[in-house]
Amino acid sequence: MKNIVSILFCFLILHVVKAQQRIVAECTVVYKVETQNPANASVQSKATKTVYIKSNNARIDLVALAYSQSTIYNKTTATASIMRTIGGEKYITTLTTAAWQTLNKPMDSARLVLTSDSISILDYNCKKAILYLKDNSEVTVYYSPSIMPSVREYEYLFKDIPGFVLGYEMTDASGVKTMFRATQINLYNPVPASKFDIPTKGYQVVNQ
């Protein structure tokens, strides 16, 4: 009887947490992207990342000095388009559902560990989680459990994170750490539907 009461209590707590979580179906989030080189302990601004969400659509714009990439993902069809600009050249790759699954399949083996640690990002209390990848690397994730994007698969690695990811850190084989941290979040202004239009001109088609 005691075990049954404990199980029911845990179920009730989870139900209350889910009830308090807000599903965000329209938003714009801007992240700063910085790198930290262990060789000289310097921190440098590397790029900016902007995420747009509108209903079942998501777009990620990553902009660096000589390179930019936009990924548009449609949750309804589970398809995506990736547009890259390198120098003056523009390329587009369209991914079918099967191609999207194949591209992200290596991340299916990631092991997620939730912790009790937390930090504040843009006044959101963000919990810490760690993703252990198949290649033995780790990704530290900071997410707000109070909000959840309506589209989670646009960043496939984070699809099982129980909240909105507002920061994360990863380290490559040479020890260089890349840090993503949200600097702006807008949950109220509408996102133009045109953000999710797939360009039909000006891009070279690259097959996956």
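One can find the structure itself at the top, above this paragraph.
Residues numbered from 1 in each chain as written. Predicted model: local features only at pLDDT ≥ 70, side-chain atom pairs only at ≥ 80, totals over all residues. Heavy atoms only, no water.

Q: Describe the overall build of the protein, naming the residues involved and giving the relevant values.
A: Scanning the protein from terminus to terminus reveals 2 helices and 14 strands. Projected onto the principal axes, the alpha-carbon positions of the protein cover approximately 70 × 45 × 35 Å. Considering only intrachain contacts with a sequence separation of at least 6, the fraction spanning at least 24 residues in the protein is 47%. Roughly 12,400 Å² of accessible area belongs to the protein as shown, and the carbon and sulfur atoms make up 55% of that amount. When the 22 positive and 15 negative side-chain charges of the protein are each reduced to one mean point, those points stand 4 Å apart. (Helix = DSSP H or I, 4+ residues; strand = E, 2+ residues; numbered from the N terminus. Contact = heavy atoms within 4.5 Å. Areas by Shrake-Rupley, 256 points an atom, 1.4 Å probe, with all protein chains shown as cover. Lys, Arg positive; Asp, Glu negative; His and termini not counted. Charge placed at Lys NZ, Arg CZ, Asp CG, Glu CD.)

Q: Requested: an account of unusual backbone geometry, with residues and values cited.
A: With a phi close to 55 degrees, A78 is a non-glycine residue in the positive phi region. In the Ramachandran plot, L122 falls in the positive-phi region, its phi being about 50 degrees despite a non-glycine side chain. Residue placement: L122 occurs in the loop between β8 (111–121) and β9 (124–132). The partly exposed category is assigned to L122, whose relative accessible area is 32%. (Buried < 20%, exposed > 50% of the residue type's maximum accessible area, 1.4 Å probe, protein only.)

Q: Got a sec to walk through the sheet that holds strand β6 (residues 79–86)? Specific residues and values, please.
A: With mixed pairing, the 12 strands of this open sheet are ordered in space as β8-β9-β10-β12-β13-β2-β3-β4-β5-β6-β7-β14. Across the chains shown, the open sheet's two edge strands, defined by having one partner strand only, are β8 and β14 (204–205). In this structure, β8 lies alongside β9, joined through 8 bridges in antiparallel fashion. The partner of L114 across the bridge, within β9, is A129. (Pairing = 2+ DSSP bridges.)

Q: So what's going on with the pattern of salt bridges? Which residues, and what values?
A: Scanning the entire structure with this criterion turns up 6 salt bridges. When the shortest N-O distance is used, the salt bridge between K49 and E155 registers 2.5 Å. With K49 in strand β3 (residues 42–54) and E155 in the loop between β11 (147–149) and β12 (164–171), this pair connects stretches of sequence that are 106 residues apart. E155 shares its class with K49; the two are buried. (Salt bridge = Lys/Arg side-chain N within 4 Å of Asp/Glu carboxyl O.)

Q: Tell me about the side chain of T140, and please be specific about residues and values.
A: Within the secondary structure layout, T140 lies in strand β10 (residues 138–144). Residue contacts for T140: discarding those within four places in its chain leaves K128, A129, G167, Y168 and E169.

Q: Tell me what's going on with the pairing of β3, and back it up with residues and numbers.
A: Note that strand β2 (residues 26–37) and β3 share 12 bridges and pair antiparallel. Across the sheet, residue C27 finds its bridge partner in β3, namely I53. Hairpin remark: β3 followed by strand β4 (residues 57–64), antiparallel, with 2 residues in the connecting loop; positive phi at S55, about 55 degrees.

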